[in-house]
Amino acid sequence: MFKFLSAEPLHDPIASPAPGAVNEVKCTTCYMCACRCGIRVHLRDGEVRYIDGNPEHPLNQGVICAKGNAGIMKQVSPARLTQPLLRKAGAERGAGEFEPISWERTFEILTERLGHLRATDPKKFALFTGRDQMQALTGLFARQFGTPNYAAHGGFCSVNMAAGMIYTIGGSFWEFGGPDLDHARLFVMIGTAEDHHSNPMKIAISKFKRAGGRFISINPIRTGYSAIADEWIPIKPGTDGALFMALMQVLIEEERIDHAFLKRFTNAPQLVVLDEGMREGLFAFDPDPAKGPPGDGRNPHNKLVWDTSEGRVKAAYPEGIADGCDPALEGTYTLDDGTRVAPSFQLLRERVAPCTPEWAAAITGIPAERIRALAREMGHAAFEQAFELPIPWTDAWGKLHPTTQARPVAFHAMRGLAAHSNGFQTVRSLAVLMSLLGTIDAPGGFRHKAPYPRHIVPNYRAFNDPAMIQPNTPLNAAPLGFPASPDELAIHPDGSPIRIDHAFSWEHPLSAHGLMHNVITNAVKGDPYRIDTLMIFMANMAWNSTMNTMGVREMLNRKGPEGDYAIPFLVVCDAFQSEMVAFADLVLPDTTYLERHDVMGMLDRPISEFDGPVDSVRVPVVKPLGQCRPFQEVLVELAGRLKFPAFTTPEGGRKFKDYPDFVVNFQPQPGIGFLMGWRGKDGTEHLRGEPNPKQWEMYEKNNCVFQYHMPKDQQYMRNWNQPYLDFAKEKGWRQRNDPVQLALYSDTLQTFRLAAQGKTAGRRPPEHLRERVEKYFDPLPFWYPPLEEVCTDLAEYPLNAVTQRPMAMYHSWDSQNAWLRQIHSHNYLQVNSATALAAGIADGGWAWVESRWGKLRCMVRHSEAVEPGTVWTWNAIGKASGAWQLAPGADESRKGFLLNHLISEELPSADTASGSISNSDPITGQAGWYDVRVRIRPAEPEEPAETFPQIAATPAPPGVRGVTEHVLAYFAGGKRK
Ligand code: SF4
């Protein structure tokens, strides 16, 4: 009799472990999602027994979720790769036919190939990574190699959220900041279901609700956090920007805005030139050169205001904020030289005036009265429920504020806003709305996390000089950054892109995270040129990490007339037999997160809290499986073999023994390294100090985390808090200590628009992109329909289709997780019951879903938790047959499906030579995942009861673990056989 069929429990889940069951507990950091909770891994004889949350960790305080707990099943996954693999001579890509090779042979192949490219044409090497947390290293590797063709996954994830907020308030949600639910009274979550900040958000919402806070969720779908919202307001996808515009219209019309905050801490009173010409739409400035050069977006403190008390123009700082000065927010004025000007707020007021709730109701599907009431509710929380914390602080102009003003209306937003081709302006409109309410770094509102806020524009210029791509020479700037003007674009003199993904070109000027979703398509087209080697880490580009999945799979295999692959050499680094592995020429087997060192530090993506910086590490708690080697080690090894200057001693020797050694000793500036805890030779310094050879040990002894609590008077209002700004500069988080005024009006965007209008002397977009740049680079937020809607017959494709991330899974990593598969082994298309019935599709019935770009067959679930014009499904549950060591006929491949088949990575464009342009935000290049329009119809009864398309299974490569019974037996309570 199988034990699981008997009434006898397998084990008592709350009994103390049996003697000998666990003989060691090691702390590290979870990586079952990107939240990075502290965990304790319980081991017996070096084998993982179970994982729980670390109660001493500041982020999750002992809480663990289903994913984190199931990390044990990732560790023993049958899909683990165990050895380097080389595609067999003569085998086709995608067939999955490999021969095992040694690591030494692997390094020889890579060193020879990459060394040749570096010595001849470095841009022919492209490095693109998925959801990794080591961009400080991967970016450095690309820069030292000398290739601009580098990015991580942000371009297809949430760069609109990052850039839209950073260009407006100097920080953003998630790692960069978030809602202060300890002090909020009203919490509005929009475009978020289950996100990266998982356990901390759940803890915070739980406390907030117990304290009587009101939680409103605005989302097309009621899943995830929305399930416990006090109110769910359904909204049509891609229309959030229209809602924000209408909310601003009501708040401004009813004067429910924070006037004092706007006048002192934002550019709302600063005067914008109204006259036509090269200064049109830019801020008027003080011509005194001592105040800094004007209008490049990086030196914002020489602007002007109109003082209504004296009826004359004054410098915005410090005169404009001095006692007795009352800067105008409205009206138009004339400067002494005859220039007509207006406060930027006047232009914002004019912009939102027609955006009434009635206007937005027709777009969003939310009744006008609900929009009006929502605006009033926000205003009520911000002003009538306001309070002050007894925390004095000093602003950048020396004014001591005896208390800290709370504005207890908090927002949280993520990918639901970002993953649209109108996402940048939508996110900007949210940031401006929050600014009107004065909720920026205020108690109860949005709060930054160190090292944020950044300057607006952040002082990171992306590499942009094609002449600097030289053999055996590092780039003179990092491949990614934040352009502040057309001069900083990565383009050739004729305006064409430098980069393979067209990032930082006129097509997507502010693409701070690159455009990973276009790399394969562009490389195959040779647009703008052909590359030789594409190295992909942790990104399933042959399946769920790509739009146009079937097309991209075909492109990965495409050959030229000579029979050579269009992308000659593909290197894939992955821990599992994902769909992408079959297409590799060379496979590098990565470790799991339990087998390696990792850093979540200030050079990259720390885990800071509102009250100060926090960084953390992973340390190996078990030995790597087989020949698995962490990708970081591979990069450090290759950098040494290729003799990158930063990795080589003056004598020509290797500078870093391995990745841990690199982490401890690499310093981009003196005293600044990957980790900020226990620095200095004896480990007594923090934040800044010499390298400490025992730094890893100190992290290990301290729960793998370092937390620094800033003094109370530096914890709020950090855009303008002088002691904080000084402190942040001293610790190397920012280059200047000047304040960060909120950019309600973006003169940075206006510089691009002026160039497109031909009004400035410098760089101009190519003719075919002028209209596009002029339209979207609006200095004020605005709403426009997603680009896909404009080129789609909406009557023919009447529904929006989007995906959600399930709480129990993160990306495709968990499809092989034996525990989590029991929660989700396949997915349905969730359709509003009325919509499904109108289409004649039964609950549980099979249906066709069609877009302009493709079609798929799947099962449908009727649901009341989705607005009638939207259909949705879980992301990345569907799998290709044969991948991930799933058994033939596994639910994931027979009943699971990917919405990606319906989404194109390109949209038609009459203006480009190729006839197409990336399906992305025209400002940032963010992939427009959530813009696709579809129609649904029932499948015919005689059709097979399986999803379409189906993929022919590929054989498992040599060395894939593939021992499912062994894993199950081990966890049925017995000892390993
Ligand atoms: S929220 Fe993410 S990081 Fe935290 S325990 Fe769950 S999976 Fe791990």
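A quick note: this is a predicted structure, and the numbers were derived from the prediction, not measured. (Residues numbered from 1 in each chain as written. Predicted model: local features only at pLDDT ≥ 70, side-chain atom pairs only at ≥ 80, totals over all residues. Heavy atoms only, no water.)

(A) A look at the overall build of the chain. Within the chain, the regular secondary structure consists of 25 helices and 36 strands. Computed over the C-alpha atoms, the radius of gyration of the chain is 28 Å, within 12% of the 30 Å expected from 2.2 N^0.38 for a compact globule of 977 residues. On the principal axes, the C-alpha backbone points of the chain span a range of 90 × 75 × 65 Å. Out of the 977 residues belonging to the chain, those deemed buried represent 66%. Considering only contacts in the chain between residues 6 or more positions apart, those separated by 24 or more positions represent 71%. Counting every atom, the chain has about 32,600 Å² of accessible surface; 53% of that belongs to carbon and sulfur. Once the 100 positive and 110 negative side-chain charges of the chain are each reduced to a mean point, those two points are 4 Å apart. (Helix = DSSP H or I, 4+ residues; strand = E, 2+ residues; numbered from the N terminus. Rg over C-alpha atoms; globule rule 2.2 N^0.38 Å. Buried < 20%, exposed > 50% of the residue type's maximum accessible area, 1.4 Å probe, protein only. Contact = heavy atoms within 4.5 Å. Areas by Shrake-Rupley, 256 points an atom, 1.4 Å probe, with all protein chains shown as cover. Lys, Arg positive; Asp, Glu negative; His and termini not counted. Charge placed at Lys NZ, Arg CZ, Asp CG, Glu CD.)

(B) Structural context of helix α6 (residues 198-210). Taking 1.5 Å of rise per residue, 13 residues should cover 18 Å, and α6 covers 18 Å from first to last C-alpha, within 8% of that figure. Turning to α6, its buried residues are Ser198, Asn199, Pro200, Met201, Ile203, Ile205 and Phe208. Residues of α6 that are buried sit in contact with α1 (66-69), β8 (177-179), β9 (186-190), β10 (214-218) and β21 (409-413). With its phi angle positive at about 90°, Gly212 sits one or two positions after the end of α6. (Expected span 1.5 Å × (residues − 1).)

(C) How the structure looks around the pattern of salt bridges. Tallying each qualifying case throughout the model produces 61 salt bridges. The salt bridge partner of Arg80 is Glu595, with a shortest N-O separation of 2.8 Å. With Arg80 in the loop between α2 (71-75) and β4 (85-87) and Glu595 in the loop between β25 (586-589) and β26 (598-600), this residue pair connects regions lying 515 residues apart in the sequence. Owing to a relative accessible area of 0%, Arg80 belongs among the buried residues under this scheme. Accessibility expressed as a relative area gives 3% for Glu595, which makes it buried. Connected through shared salt-bridge partners, Glu104, Glu637, Arg641 and Arg654 make up one network. (Salt bridge = Lys/Arg side-chain N within 4 Å of Asp/Glu carboxyl O.)

(D) Here's a closer look at the site of the ligand. In the vicinity of the ligand, the contacting residues are Cys30, Met32, Cys33, Cys35, Arg36, Cys37, Ile64, Cys65, Lys67, Gly68, Ser198 and Asn199. Where the shell around the ligand is concerned, the elements lending two or more residues are α1 and α6. Among the residues making up the shell around the ligand, the classes are represented as seven nonpolar, three polar and two charged. (Near = heavy atom within 4 Å. Nonpolar A, V, L, I, M, F, W, Y, C, P; charged D, E, K, R; others polar.)

(E) Seen up close, the pairing of strand β29 (residues 799-804). Summarising burial for β29: six of the six residues are buried, a large majority. Burial along β29 is two-sided: the residues Leu799, Ala801 and Thr803 and Asn800, Val802 and Gln804 are all buried. For β29 and strand β36 (residues 933-938), the ladder comprises two bridges, and the chain directions are antiparallel. Within the sheet, the bridge partner assigned to Asn800 lies in β36 and is Arg933. Pairing of β29 with strand β33 (residues 870-874), which is carried by five bridges, proceeds in the parallel orientation. (Pairing = 2+ DSSP bridges.)

(F) Broad picture of the sheet that holds β21. With parallel pairing, four strands are arranged side by side in an open sheet as β11-β10-β9-β21. Only two strands of the sheet have a single partner each, and these edge strands are β11 (231-233) and β21. Taken over all neighbouring pairs, the strand axes of this sheet differ in orientation by 20° on average, direction set aside. Of the pairings in the sheet, the one linking β9 to β21 comprises five bridges and is parallel in character. Of the residues in β21, the one forming a bridge with Phe187 is Ala410. (Axes fitted to C-alpha atoms, helices over the stretch in contact; angles between N-to-C directions.)

(G) Fine view of the environment of Asp911. Secondary-structure assignment places Asp911 in the loop between β34 (906-908) and β35 (916-918). The spatial distance from the C-alpha of Asp911 to the C-alpha of Leu85 is 43 Å, given a sequence separation of 826 residues.

(H) Expanded view of the confidence of the model for the chain. The pLDDT averaged across the chain works out to 93; a share of 95% of its residues lies at or above 70. Taken together, the stretch residues 970-977 has pLDDT below 50 and engages in 20 contacts with residues farther than four places along the chain or on a different chain. (pLDDT = per-residue confidence, 0-100.)

(I) Structural context of the packing of aromatic side chains. Evaluated as defined, the whole model comprises 40 aromatic pairs. Residues Phe141 and Phe644 carry aromatic rings whose centres are separated by 5.0 Å and whose planes lie at 65° to one another, so their mutual orientation is edge-to-face. Note that Phe141 is positioned in helix α4 (residues 135-145) and Phe644 in the loop between α16 (631-641) and α17 (659-665), a separation of 503 residues in sequence. In this structure, Phe141 and Phe644 share a single accessibility class: buried. An angle of 35° between the planes, with centres 5.2 Å apart, marks the rings of Phe782 and Tyr784 as tilted. Residue Phe782 shares its accessibility class with Tyr784, and that shared class is buried. (Phe/Tyr/Trp six-rings, centres within 6.5 Å; stacked < 30°, edge-to-face > 60°.)

(J) Representation of unusual backbone geometry within the structure. Here the amide bond leading from Tyr317 into Pro318 is cis, since omega sits at -5°, within 30 degrees of zero. Checked against the element boundaries, Pro318 lands in the loop between β14 (312-315) and β15 (333-334). Pro949 follows Phe948 through a cis peptide bond whose omega is 0°. Within the secondary structure, Pro949 is located in the loop between β36 and α25 (964-971). Of note, the phi angle at Glu255 is positive, near 55°, even though the residue is not glycine. Along the chain, the position of Glu255 falls in the loop between α7 (240-253) and α8 (259-265). One non-glycine residue, Lys643, lies in positive phi territory at about 60°. Of the residues examined, Lys643 reaches a relative accessible area of 48% and is grouped as partly exposed.

(K) Quick look at the packing of helix α3 (residues 103-120) against α16. Between α3 and α16, the shortest axis-to-axis distance is 10 Å and the interhelical angle comes to 55°. In this view, α3 runs oblique relative to α16, as classed from their interaxial angle. Remark: the crossing between α3 and α16 carries right-handed chirality. Two secondary-structure elements touch here, α3 through Trp103, Glu104, Phe107, Glu108, Leu110, Thr111 and Leu114 and α16 through Val634, Glu637, Leu638 and Arg641. When the residues that make up the contact of α3 with α16 are grouped by side-chain class, the tally is six nonpolar, one polar and four charged. (Parallel < 35°, antiparallel > 145°, perpendicular 65-115°, else oblique. Left-handed = near helix turned anticlockwise from the far one by under 90°.)

(L) Region of interest: the sheet that holds strand β23 (residues 533-537). Spatially, the seven strands line up as an open sheet ordered β5-β4-β25-β24-β23-β6-β7, and their pairing is mixed. The sheet terminates laterally at β5 (98-100) and β7 (150-151), the two strands that pair on one side only. Alignment of strand β6 (residues 125-129) against β7, held across two bridges, turns out to be parallel. Among the inter-strand pairings, Leu127 is bridged to a residue of β7, identified as Tyr150. In the packing of α16 onto the sheet, the strands contacted are β6, β23, β24 (569-574) and β25, and the crossing angle to β23 comes to about 145°.

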